[in-house]
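# Survey of secondary and tertiary structure
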Amino acid sequence: MFDDFLSDDDAMLEKNLASVQLGTPDRQQHGDPLRTFKVTQADHDPVLLLRTFYQRLFPYKTFYSWLNYSNAEPTKTFTHREFSFTLANDIYIRFQSFNDLPAFKKEIERLQPVKMDLGAIYTIRPKERKTVNEKAFRPLEKEFVLDIDMTDYDEIRTCCTGGDICHKCWTFMTLAIKVIDACLRDDFGFQHILWVYSGRRGVHCWVSDERARQMDNESRKAVIGYMEVIKGGAEVQRKVKLMKILHPSLERSYKTIEPYFESLILDQQGVLDTKEEWTKMVSILSDANIRDQLNNEWSNNPSLSGAEKWDQLVQAVHQSRNEFDSITRDIQLQYLYPRLDSNVSTNINHLLKSPFCVHPKTQRVCVPIDPENCDNFDPLAVPTLMTLNDELNKLAMGTSDSERKIPDYKKTSLKPYIDIFENFVNGLLKETQRAKRDQPDHSW
Amino acid sequence: MFKSKKSRTNRFAAVANQHVSVGRDSMLDSEYPFRLNMYLDPPTDEITIEEFEIFALDRLQVLKAIESAKLRNLNDEQFKKDVQYAVDKYLPMHSNTAFDLISERRKDHISHFVLRLAYCRSDESREWFLRQEAALFKYRLLEENVKDRSAFLESAKLDWHVVTAEQKQAIQNQLERCVPLKIKHNVKEYVEQQTYFEVPFEKVPSLVRQRAIYLHQGKAYVPMEHQTSLVMEEFTSRLESMLVATAKALPRLEEDDRLKPILLNVEKQYVGKVYGAEQVVDGDLTAANVDGAVEQHAPLCMRTLHDALVQDKHLKHSGRMQFGLFLKAIGLSVDQALLYWRMAFSKKTDDEFQKNYAYNIRHNYGLEGRRVSYGAYSCSKIIKGDAPSAGDHHGCPFRHFSSGNLEARLYKDKLLPNQVRDIMNLIQGSHYQLACTKYFEFTHPGHDRIDTIQHPNAYYELSVASAAETEQGEPMDVER
């Protein structure tokens, strides 16, 4: 039976494996906590650690309540949802579905997936899709999702590249969360938003409002298009071209990010410190005279600080008749505004990695981030399987009855993250209950 | 729902004639007060079988004229002229009461619904019908005078909430920021004078995507200026859901034997041909002939895939699907296909080929799995579908190639600079199929003004036909 499965999905296998982010190889860095995980002791065998994680730490009940949008009987949002799993030997299986929480838990513990993705809610239980006509199996709804990946910032960050991150460049993510979160809430009125650390170098966002789940592809495309500001591939220098007067949403976003320009971009990233780096910014300007002027000025005065150089740039633009003043604002946006992968967001049936997976390269758990507190989130302090295992071992053997009732994950460093998750889900449950009570009043 | 008709004298006409001197105006007011129609309710009176067919075919002429005018990228004036000509000839809609307005509007109403029956069945025909009806509606909306248009829209109960003066004042600044570019001065007055509608953002996706309007808590604030956009969105989304509903109800309707042949005939008029969905492909194309046939007659998208296949001795999944189904539709049988792909994937061992590729080829011919023989991809599917990424060669070159690469390819295919420019201009305006059509015209001299390419296999067939005619020395039937 498994064979039949695989061969039918054979055609999809290649395509899906390509879309499964297995990441770029890590660069070796001294004492870099994100270095590829090495097995040192039998006790720290990643396979065993993962099993322990799924047996004792994964928050099944809350997870179920989220996807089920109720903590009671299973509903369609759970039973008709697609799950996909990447197993230890790179086998990838799609269109899994489960009738209830026990079935889900049993399968996870059996498979111990290296990665789990969440998909859309379909008209038919995905596992049973072959029992119906192809046209009858369609996606109905799914959370609106976003994926922000640090590699999209490689052209502007100077501290790391590829899969590496550090505290300096993580600020880009913090900014992205602030800007996007405000946009989703203020502009679109969404309320139930879950931000999740992707485990290595980015963040995911799950907008779970019913209204968001029911958006068609056209609306999803509209939302992501509304938020997109940075456009253009490798051959385009100037990627932000906005009007003199900013749209209210962009005005708000600009006010959020502008204060970080000097500290993050000029100081920490030092984008004007070396000729190689400042050329990237200078080439955004179209006036060749200014470009030459700045190049010379900065080459001849290496002691100028980043802030001083920037002031000179702003002055030069202001005096020039060939450049609008707004280009300096656009440059700031190009360096600070969130970079989004629209493909992930526009299609209702796009799969995205689930929260509370464990990243295979870093062994870190994909934990939720509280947007209100995202300034204090430290990706390098997120618990790894190893630390969690150590914590579990240290838990006293002879615990009292009351302590035994508390689930294990609440006694480890995973607790604060699970709390964020529970708050999010509780908010959702309250909303669903309220909606059921007052008859659906869709008077948006 | 649409009731069946009896083939005797039109009772309605008899009745209408009776009332002609007395209540004509009132009937007009109650039944069809406006030229415009949202087609929300189906006609309930009786009509003859002849009317059923004739009305439908006449309307179809208008829709095809619209499609044609749109796709030929005519300027506004020429567009109006062409469309108006078709409308006057087949589906006149006057506002002057000197004409028989009731009959005109009734014909409009009935013909729309008959075509709905004919075109609701497949995704493609629905899409086509929706596009042309929307274009016709937009044309008529814009032609209407302001007074009648507003009156119509009010009656259509489009349930848009108008922003009150107080509400507007509270968000004056934000609205001013969103004023269209062309209003350079007096932004404040513009905002004060415009009527703004507050609508859920899902109703105006294109305006949201472009950040053209102010958005707050999920509500979009749309100036009257964009009213056409709003109306069109409403019209299109309603018609879309009604078409789907009609498709579901269709099996019951087809019980009427008299209607079925008419509907089938109407449907056949549309060039929405599905290529290659037959189970048994009875073609005489052999594996050995494929290369020549493709190089000579296939459209650019398929030749790109073919080139990649020859060069890399491999194609990724999406490419295999797009190209493989195309080949099936031009007459490659499953056995010849297996042979062709086996030879093309020369670097693979027999075992690898059997294991990884043979199954899928057979699957495409409906010999495995669900046993569905897949049709070849149409242009709209290729253009809108799965965009190619690194290592992919599928898709539509006019859509998915970078302009530099496309130009290079056009020059390589021996197009002249002004021809390349024509095509690139079309690309700028996102007219990918038009570009392909032009490409056909440039590469098949002596056969100009073909219908716009809707399907790669249509391109192939046209190319084969034109080659055959060139041999025979007869000019193709060209529209002047």
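The rules behind these values
Residues numbered from 1 in each chain as written. Chains lettered and ligands numbered in written order. Predicted model: local features only at pLDDT ≥ 70, side-chain atom pairs only at ≥ 80, totals over all residues. Heavy atoms only, no water. UniProt positions renumbered as here; feature names shortened; annotations may be inferred. Helix = DSSP H or I, 4+ residues; strand = E, 2+ residues; numbered from the N terminus. Buried < 20%, exposed > 50% of the residue type's maximum accessible area, 1.4 Å probe, protein only. Contact = heavy atoms within 4.5 Å. Areas by Shrake-Rupley, 256 points an atom, 1.4 Å probe, with all protein chains shown as cover. Buried area = accessible area lost by both parts, 1.4 Å probe. Salt bridge = Lys/Arg side-chain N within 4 Å of Asp/Glu carboxyl O. Polar contact = N/O pair within 3.5 Å; in protein donor to acceptor, adjacent residues only side chain to side chain. Nonpolar A, V, L, I, M, F, W, Y, C, P; charged D, E, K, R; others polar. Pairing = 2+ DSSP bridges. Patch = residues over 30% accessible without salt bridge, like charges linked within 9 Å, V, L, I, M, F, W, Y side chains within 5 Å. Lys, Arg positive; Asp, Glu negative; His and termini not counted. Charge placed at Lys NZ, Arg CZ, Asp CG, Glu CD. Axes fitted to C-alpha atoms, helices over the stretch in contact; angles between N-to-C directions. Parallel < 35°, antiparallel > 145°, perpendicular 65-115°, else oblique. Left-handed = near helix turned anticlockwise from the far one by under 90°. Arc of directions from axis to C-beta. Phe/Tyr/Trp six-rings, centres within 6.5 Å; stacked < 30°, edge-to-face > 60°. Lys NZ or Arg CZ within 6 Å of the ring centre and 35° of its normal. Core = buried A, V, L, I, M, F, W, Y, C linked by side-chain atoms within 4.5 Å.

Chain B appears in an unreviewed UniProt entry as DNA primase large subunit from Hesseltinella vesiculosa. In the Sequence similarities (unreviewed entry) part of its UniProt record, chain B is described as follows: "Belongs to the eukaryotic-type primase large subunit family." Chain B has a UniProt comment under Function (unreviewed entry) that states "DNA primase is the polymerase that synthesizes small RNA primers for the Okazaki fragments made during discontinuous DNA replication."

Naming follows an unreviewed UniProt entry, where chain A appears as DNA primase of Hesseltinella vesiculosa. Here is the UniProt Sequence similarities (unreviewed entry) comment for chain A, exactly as written: "Belongs to the eukaryotic-type primase small subunit family."

## Quick notes on the overall build of chain B
A tally of helices and strands in chain B yields 24 helices and four strands. Looking at chain B as a whole, 47% of its 480 residues are labelled buried. In chain B, 69% of the contacts between residues at least 6 apart in sequence involve partners at least 24 apart. With an accessible surface of roughly 24600 Å², chain B has 50% of that area assigned to carbon and sulfur atoms.

## Concerning the interface of chain A and chain B
Taken together, the contact pairs 35 residues of chain A with 30 residues of chain B. Note on chain A versus chain B: buried area summed over both sides is about 2800 Å², and carbon and sulfur give 55% of it. Connecting chain A to chain B are two salt bridges. In this structure, the salt-bridge partner of Arg177(B) is Glu251(A), at a minimum N-O distance of 3.4 Å. Put simply, chain A and chain B have twelve residue pairs in polar contact (both at pLDDT 80 or more) between them. Elements supplying a minimum of two residues to the side of chain A that touches chain B: α1 (2-19), α6 (167-187), α8 (217-227) and α9 (248-257) of chain A. When residues in the side of chain A that touches chain B are grouped by element, the largest group, eight residues, is from α8(A). When its residues are assigned to classes, the side of chain A that touches chain B shows 16 nonpolar, five polar and 14 charged.

## Considerations on the sheet that holds strand β2 (residues 196-200) of chain B
Strand-to-strand pairing in sheets goes through backbone hydrogen bonds, with the strands running parallel or antiparallel. All names here are of chain B. The strand order across the open sheet built from four strands is β1-β2-β4-β3, with neighbouring strands paired in antiparallel fashion. The sheet is open, and its two edges are formed by β1 (161-162) and β3 (214-216), each paired on a single side. Pairing between β1 and β2: two bridges, direction antiparallel. Of the residues in β2, the one forming a bridge with Val162 is Phe197.

## Quick notes on a positive patch on the surface
Side chains of Lys221(A), Lys231(A), Arg209(B) and Arg399(B) sit close together on the surface and give a patch of like positive charge. Residue placement: Lys221(A) occurs in helix α8. Assessed through its relative accessible area of 39%, Lys221(A) is described here as partly exposed.

## Observations concerning the packing of helix α10 (residues 260-268) of chain A against helix α14 (residues 326-336) of chain A
Residue and element names in this part refer to chain A. It is the contact of α10 with α14, at a shortest axis distance of 11 Å, that shows an interaxial angle of 65 degrees. By the angle class used here, α10 and α14 are roughly perpendicular. For the pair α10 and α14, the sense of crossing is left-handed. Every residue of α14 that contacts α10 at Tyr260, Phe261, Leu264 and Ile265 is listed here: Gln332, Tyr335 and Leu336. Its residues assigned to classes, the contact of α10 with α14 shows six nonpolar, one polar and no charged.

## Focus on the UniProt feature "binding site: [4Fe-4S] cluster" (unreviewed entry) in chain B
Residue and element names in this part refer to chain B. Here, the residues flagged by UniProt with the feature "binding site: [4Fe-4S] cluster" (unreviewed entry) are Cys301, Cys379, Cys396 and Cys436. The greatest C-alpha distance among the annotated residues, which extend across 136 residues, is 9.9 Å, indicating that they converge on a single site. Within the secondary structure, Cys396 is located in the loop between α19 (379-384) and α20 (397-400). Residue classification places Cys396 among the buried residues on the basis of a relative accessible area of 9%.

## A short note on unusual backbone geometry
Residue and element names in this part refer to chain B. A positive phi angle, near 55 degrees, is found at Asn186, a position not held by glycine. Relative to the helices and strands, Asn186 resides in the loop between α9 (172-177) and α10 (187-193). The backbone of Arg211 shows a phi angle near 55 degrees, a positive value even though the residue is not glycine. Positionally, Arg211 belongs in the loop between α11 (205-209) and β3.

## Regarding α10(A)
Taken as a whole, α10(A) has its buried residues at Phe261(A), Leu264(A), Ile265(A) and Leu266(A). Projection of α10(A) onto a plane perpendicular to its axis shows the buried side chains occupying an angular sector of 160 degrees, all on one side.

## Describing the pattern of salt bridges
Counted under the stated rule, the structure contains 40 salt bridges over all chains. Close ionic contact of Arg329(A) with Asp330(A) constitutes a salt bridge, the shortest N to O distance being 3.1 Å.

## Comments concerning the pairing of strand β4 (residues 219-223) of chain B
Residues and elements named next belong to chain B. Along β4, four of the five residues are buried, which leaves the element largely enclosed by surrounding structure. In the sheet, β2 pairs with β4 via five bridges, with the strands oriented antiparallel. Of the residues in β4, the one forming a bridge with Val199 is Ala220. By the bridge criterion, three bridges tie β3 to β4 in an arrangement that is antiparallel. Across the sheet, the residue bridging to Tyr214 is Tyr221, located in β4.

## A word on the sheet that holds strand β9 (residues 368-369) of chain A
Residue and element names in this part refer to chain A. Reading across from one edge, β5-β7-β6-β9 is the order of the four strands in this open sheet, with antiparallel pairing throughout. Of all the strands in the sheet, the pair left with one neighbour each is β5 (144-149) and β9. Inspection of the sheet shows strand β6 (residues 193-197) paired to strand β7 (residues 202-207) by five bridges, in the antiparallel sense. Across the sheet, Ile193 pairs through a bridge with Val207, a residue of β7.

## Observations concerning the packing of aromatic side chains
Residues and elements named next belong to chain A. Using the criterion set out here, one finds 51 aromatic pairs over all chains in the structure. Where Phe188 meets Phe190, the ring centres are 5.9 Å apart and the plane angle is 10 degrees; that geometry is what we call stacked. Using a relative accessible area of 0% as the deciding quantity, one classes Phe188 as buried. With centroids separated by 5.6 Å and ring planes inclined at 85 degrees, the aromatic side chains of Trp278 and Trp298 adopt a geometry described as edge-to-face. Remark: Trp298 occurs in helix α12 (residues 288-300) and Trp278 occurs in helix α11 (residues 275-282); sequence separation between them is 20 residues. The buried category is assigned to Trp298, whose relative accessible area is 1%. Cation over ring: Arg213 sits above Tyr69, and NZ or CZ is 3.6 Å from the ring centre.

## Considering a negative patch on the surface
All names here are of chain A. Taken together, Glu262, Asp267, Asp273, Glu308 and Asp311 make up a surface patch of like negative charges. Only α10 and α13 (306-319) provide two or more residues apiece to the negative patch. Tracing the backbone shows Glu262 in helix α10.

## Describing the pairing of strand β1 (residues 81-86) of chain A
All names here are of chain A. The buried fraction of β1 amounts to six of the six residues, a majority that puts the element mostly inside the structure. Covered by surrounding structure in β1 are Arg81, Phe83 and Phe85 together with Glu82, Ser84 and Thr86, the residues of both alternating faces. The pairing of β1 with strand β2 (residues 92-96) spans three bridges and is antiparallel. Considered in β2, the bridge of Phe85 is made with Ile93. If you look at the hairpin formed by β1 and β2, you'll find five residues sitting between the two strands, and Asp90 has a positive phi there, around 65 degrees.

## Remarks on the nonpolar core
Counting 182 residues, the largest nonpolar core has Phe63(A), Trp66(A), Phe83(A), Phe104(A), Phe144(A), Leu184(A) and Met227(A) as its most contacted members. In terms of residues, this core owes the most to one element, α6(A), which gives eleven residues. Excluding residues that lie within four positions of it along the chain, Phe144(A) makes contacts with Leu184(A), Cys205(A), Trp206(A), Val207(A), Ala212(A), Met215(A), Arg220(A), Val223(A), Ile224(A), Met227(A) and Ser345(A). Membership of the second largest hydrophobic core comes to 57 residues, among which are Ala293(B), Ile383(B), Phe398(B) and Ile450(B).

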